[in-house]
Amino acid sequence: MPFLEVLTRVYKRPKMLAHNVASLEAQSDQDFTQTFLVDDEGRGIGWSYVNMAAYAPNLVGDYIWILDDDDMAVSQTFVADLKSIVEAHNPDVIMVKMDHGKRGILPSVCWQRKPEIGGIGCSAFVVKRHIWQRHSKFLGNNYAGDFDFIHSIFSWDYRFYWFDCIASKVQKISLGVPE
């Protein structure tokens, strides 16, 4: 069983997907698996969240992280750093930052507190598998599915660790458009 499972939503962006995969292959610790959730019809962001929720029973990683095809991992030691955090603190959720291009670093205004809609991104949290599965029903059929999901997690009494690093960056804000 891998330590980290990286969920990658994919839609007709082969060049960006190649950069995404390469950014993970560069990890110093390869104790992860990458799962591709493919939409080859263009069903949209809402459908992609519903599809992620439907996939939840099949998750295999101890922890789950979303890194979409138009995003890249920034730190080559991200997986190793996560393992060190888990060994020292055993958190249920690890909050990180993501460079969302024109939207800036997320989360920004809600760092170290409950997320605000529009102030969080899907690559800004790493969640234990059983918690991910419990809250997957909150991945709603709308553009803010990532917010709905992480907001539901903050409503419970879980252990959070705030890892002040930029874990990912967007290559291009694609808004569901292929390359």
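1. Quick notes on the pairing of strand S3 (residues 63-66)
Within a regular strand, the side chains alternate between the two sheet faces. Burial along S3 is two-sided: Tyr-63 and Trp-65 and Ile-64 and Ile-66, pointing in opposite directions, are all buried. Note: strand S1 (residues 4-10) against S3, 4 bridges, orientation parallel. Among the inter-strand pairings, Val-6 is bridged to a residue of S3, identified as Trp-65. Examined bridge by bridge, S3 and strand S7 (residues 125-128) share 3 bridges and lie antiparallel to one another. In the sheet register, Ile-64 faces S7, and the bridge partner there is Val-127.

2. Observations concerning the nonpolar core
By size, the foremost hydrophobic cluster in this structure holds 30 residues, and its most contacted members are Met-52, Met-95, Phe-125, Val-127, Trp-132, Ile-150 and Ile-153. Secondary structure elements with two or more residues in this core: helix H2 (45-55), S3, strand S5 (93-99), S7, helix H4 (129-135) and helix H5 (145-154). Membership of the second largest hydrophobic core comes to 20 residues, among which are Leu-24, Ile-94, Val-126 and Ala-167.

3. Quick notes on unusual backbone geometry
Among all residues except glycine, the phi angle is most often negative; among peptide bonds, the trans geometry is most common. Cis peptide bonds are those with omega within 30 degrees of zero, and the linkage from Leu-106 to Pro-107 qualifies with -15°. Looking at the secondary structure, you find Pro-107 in the loop between strand S6 (105-106) and S7. One non-glycine residue with positive phi stands out, namely Lys-12, at about 45°. Along the chain, the position of Lys-12 falls in the loop between S1 and helix H1 (14-25). Of note, the phi angle at Asn-90 is positive, near 45°, even though the residue is not glycine.

4. Structural notes on the pairing of S7
Across 3 bridges, S5 lies against S7 in antiparallel orientation. Bridge pairing in S7 links Ile-94 to Val-126.

Rules behind the numbers
Residues numbered from 1 in each chain as written. Predicted model: local features only at pLDDT ≥ 70, side-chain atom pairs only at ≥ 80, totals over all residues. Heavy atoms only, no water. Buried < 20%, exposed > 50% of the residue type's maximum accessible area, 1.4 Å probe, protein only. Helix = DSSP H or I, 4+ residues; strand = E, 2+ residues; numbered from the N terminus. Pairing = 2+ DSSP bridges. Core = buried A, V, L, I, M, F, W, Y, C linked by side-chain atoms within 4.5 Å.

As far as function goes, none of this settles anything; it's purely spatial.
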